[in-house]
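What the coordinates show
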Amino acid sequence: KNHGGFRNVTSTILQKLIKVGIPQLHNDYSAFRLIRRDIAKACVNMQNSYTFLDGYLSWVTCSFSSVKVKHQKRLAGESSYTLSKLINHSINIFVTFSDLPIKLVSYFSLVFFLLALLYSGWIFIQKIVFDNLVPGFATTIILISLGFSAVLFALGIIGQYIHRINLKTTKHPNYLISKTI
């Protein structure tokens, strides 16, 4: 693409993250597209807090094709997408169309719980065997680490519910009728 070097690098990184976070999204998505009328109508009927047409298309159809076109430099003016707008756009895509961020929180909470459990065991052994800890330290560390991991896990569960509520409120169709005989 004929953007600046920074924009090309960050765009490539975002495309790789989107491929992981929203695997059902077509690989060669672009702002230039042709859409069948029934697909367009289904996308128009959806309601969401953030409109991302490629995400809607991935919900409505899996029938995509691509044609390679040469990207030309902008002939006049500058893009209205500033760095902060592009970052905000990327965050909105992931929060609205992917459950990967909330799954990462859930997995992180489980890893943190296991580490907290191991560390709590080590602290407990230090206290029982060597008795070289300040009074109250072992209890405080064990409660804080296990409590923090429980809070993170609860946030992951709540996040999963919110993501599912978001999917239900978008009027995301389960299917489209392409032909009636």
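To keep things clear, this report deals only with the structure shown in the data block. Owing to the predicted nature of the structure, the values given are computational and were not obtained by experimental measurement. (Residues numbered from 1 in each chain as written. Predicted model: local features only at pLDDT ≥ 70, side-chain atom pairs only at ≥ 80, totals over all residues. Heavy atoms only, no water.)

1. Some points on the overall build of the protein
Secondary structure assignment for the protein yields 6 helices and 0 strands. Taken from the N to the C terminus, the helices and strands of the protein come in the order α-α-α-α-α-α. In terms of C-alpha radius of gyration, the protein reaches 24 Å, well past the compact-globule figure of 16 Å for 181 residues. With the C-alpha coordinates aligned to their principal axes, the bounding extent of the protein is approximately 75 × 50 × 25 Å. A buried classification covers 24% of the 181 residues belonging to the protein. (Helix = DSSP H or I, 4+ residues; strand = E, 2+ residues; numbered from the N terminus. Rg over C-alpha atoms; globule rule 2.2 N^0.38 Å. Buried < 20%, exposed > 50% of the residue type's maximum accessible area, 1.4 Å probe, protein only.)

2. Here we look at the environment of Phe64
Tracing the backbone shows Phe64 in the loop between α3 (53-60) and α4 (83-97). For the pair Phe64 and Asn45, spaced 19 residues apart in sequence, the C-alpha to C-alpha distance is 20 Å. Not counting the four nearest positions on each side in its chain, Phe64 is found in contact with His26, Leu57 and Ser58. (Contact = heavy atoms within 4.5 Å.)

3. Considerations on the packing of helix α1 (residues 5-21) against α4
Axis separation between α1 and α4 bottoms out at 11 Å; the angle between their running directions is 5°. Accordingly, the angle class assigned to the pair α1 and α4 is roughly parallel. Side by side, α1 and α4 meet where Phe6, Arg7, Leu14, Leu17, Ile18 and Gly21 of the first sit next to Leu83, Leu86, Ser90, Ile93 and Phe94 of the second. (Axes fitted to C-alpha atoms, helices over the stretch in contact; angles between N-to-C directions. Parallel < 35°, antiparallel > 145°, perpendicular 65-115°, else oblique.)

4. Side note on a nonpolar patch on the surface
On the surface, a nonpolar cluster with roughly 730 Å² of combined accessible area is contributed by Leu104, Tyr107, Leu110, Phe153, Ile157, Tyr161 and Ile165. Looking at the nonpolar patch, the elements that each hand over two or more residues are α5 (100-130) and α6 (137-169). Looking at the nonpolar patch element by element, the count peaks at 4 residues for α6. Along the chain, Leu110 turns up in helix α5. Under the relative-accessibility criterion, Leu110 is labelled partly exposed at 42%. (Patch = residues over 30% accessible without salt bridge, like charges linked within 9 Å, V, L, I, M, F, W, Y side chains within 5 Å. Areas by Shrake-Rupley, 256 points an atom, 1.4 Å probe, with all protein chains shown as cover. Salt bridge = Lys/Arg side-chain N within 4 Å of Asp/Glu carboxyl O.)

5. Comments concerning the packing of aromatic side chains
Aromatic ring pairs: the centre-centre distance and the angle between the two ring planes describe each pair. For the coordinates displayed, the defined rule picks out 5 aromatic pairs. Each ring, one from Phe112 and one from Phe148, has its centre 5.1 Å from the other, and the planes form 80°; the classification is edge-to-face. Of this pair, Phe112 sits in helix α5 while Phe148 sits in helix α6, and the two are 36 residues apart along the sequence. Relative to Trp122, the ring of Tyr119 lies with its centre 6.0 Å away and its plane at 25°, an arrangement referred to as stacked. A residue pair is termed a helical-turn pair when its members lie 3 or 4 positions apart in one helix, as Tyr119 and Trp122 do in helix α5 at 3 residues. Ring pairing ties together the aromatic residues Phe52, Tyr56 and Phe97, which thus form one cluster. (Phe/Tyr/Trp six-rings, centres within 6.5 Å; stacked < 30°, edge-to-face > 60°.)

Keep in mind these numbers describe shape, not what the thing actually does.
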